[in-house]
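# Fold and geometry: a report
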Amino acid sequence: MTSSLSPIVLGLIEMSPVEDLLLAILRDGFPDVSVQTLIKSAQTFPFVLIRSTGSWGTWQGDERFIDSSTIEVQCFASGINADADANLLSEAVRVVLRDSKNKVVPGKGHIIGVEMLDRPKRSPDWATSVGPVQYADLPTGVERWETTYRATIRKPAIKPFI
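## Some thoughts on the side chain of arginine 144
With respect to the helices, strands and loops of the structure, arginine 144 is situated in strand E5 (residues 142-154). A distance of 3.2 Å separates a polar atom in the side chain of arginine 144 from a polar atom in the side chain of glutamine 74.

## Observations regarding the environment of serine 52
Inspection of the secondary structure puts serine 52 in strand E2 (residues 47-52). What makes serine 52 partly exposed here is its relative accessible area of 25%. In sequence terms serine 52 and threonine 148 are 96 residues apart; their C-alpha atoms lie 9.7 Å from each other. If we skip the residues at most four places from it in the chain, serine 52 touches Val18, Glu19, Ser69, Thr70 and Ile71. Among the polar contacts listed, one links the side chain of serine 52 to the side chain of glutamate 19, at a separation of 2.9 Å.

## Structural notes on helix H2 (residues 18-29)
Across its 12 residues, H2 extends 17 Å between first and last C-alpha, which sits within 8% of the 16 Å expected from 1.5 Å per residue. At its buried positions, H2 is contacted by strand E1 (34-36), E2, strand E3 (66-78), helix H3 (82-99), strand E4 (110-122) and E5.

## Observations regarding the nonpolar core
Core analysis: the largest hydrophobic core is formed by 23 residues, its most contacted members being Leu26, Val48, Ile50 and Val93. Taken together, the elements giving at least two residues each to this core come down to H2, E2, E3, H3 and E5. Of the residues forming this core, the biggest block, six residues, is contributed by H2. In terms of nonpolar packing, the next biggest core, distinct from the first, is built from six residues, Phe47, Leu49, Phe76 and Leu138 among them.

## What about the pattern of salt bridges?
Throughout the structure, instances matching the rule amount to eight salt bridges. A salt bridge links aspartate 83 to arginine 122; its shortest N-O distance comes to 2.8 Å. Taken together, the residues span a long stretch of sequence, with aspartate 83 in helix H3 and arginine 122 in strand E4 at a distance of 39 residues. When its relative accessible area of 25% is taken as the criterion, aspartate 83 is described as partly exposed. Look at arginine 122 and you get partly exposed, because its relative accessible area is 45%. Across the salt bridge formed by lysine 121 and glutamate 146, the nearest N and O atoms sit 3.6 Å from each other. With a gap of 25 residues between them, lysine 121 in strand E4 and glutamate 146 in strand E5 connect regions that are remote in the sequence.

## Observations concerning H3
With 18 residues, H3 ought to run about 26 Å at 1.5 Å a step, and its terminal C-alpha atoms sit 26 Å apart, in line with that. Residues of H3 that are buried include every one of Ala82, Ala86, Leu89, Ser90, Val93, Val96 and Leu97, and no others. End-on, the buried residues of H3 take up no more than an arc of 125°, which puts them together on one face. Of the exposed residues in H3, the ones pointing more than 90 degrees away from its buried face are Leu88 and Asp99. Looking at the buried side of H3, the elements it contacts are H2, E2, E3, E4 and E5.

## With respect to the pairing of E2
Of all six residues in E2, five are buried; the element is thus mostly enclosed. Note that E1 and E2 share three bridges and pair parallel. Bridging from a neighbouring strand, glutamine 36 pairs with leucine 49 of E2. Across six bridges, E2 lies against E3 in antiparallel orientation. The partner of valine 48 across the bridge, within E3, is cysteine 75.

So, how was this worked out
- Residues numbered from 1 in each chain as written.
- Predicted model: local features only at pLDDT ≥ 70, side-chain atom pairs only at ≥ 80, totals over all residues.
- Heavy atoms only, no water.
- Helix = DSSP H or I, 4+ residues; strand = E, 2+ residues; numbered from the N terminus.
- Polar contact = N/O pair within 3.5 Å; in protein donor to acceptor, adjacent residues only side chain to side chain.
- Buried < 20%, exposed > 50% of the residue type's maximum accessible area, 1.4 Å probe, protein only.
- Contact = heavy atoms within 4.5 Å.
- Expected span 1.5 Å × (residues − 1).
- Core = buried A, V, L, I, M, F, W, Y, C linked by side-chain atoms within 4.5 Å.
- Salt bridge = Lys/Arg side-chain N within 4 Å of Asp/Glu carboxyl O.
- Arc of directions from axis to C-beta.
- Pairing = 2+ DSSP bridges.

This is the structure in structure tokens:
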């Protein structure tokens, strides 16, 4: 990744974006499912949407090395079994995150702990979402399940942007 920021600013960076780490982990766990941080204008299903949410800066260790973030994971599916499929995809995400503890992603760090703060729940429209919104309603025939996690992350061994 290249940046237009000065070497002084880049030298202060200690963490890579949490979403980048989770994208790598979940894409590895689901090679046949699209895992994204943004919704495409011509979105296909199923897919998993990852978003960091606002959270207080609490660390379970030295904040120069450890980061903690609240993450919203939204699972979308379409078709005749959309509701069941989105629910099952939510459960599969939980298993991949649980099993990813201490799995190093080069340049992005690794998860040292993950906690499910809110069980997967059906969220039929964006009005019920606790995370950011991109459009008001889901397309017809699409179901969304949403889960909240707290991930504790160990920074990468090298500077992520240099």
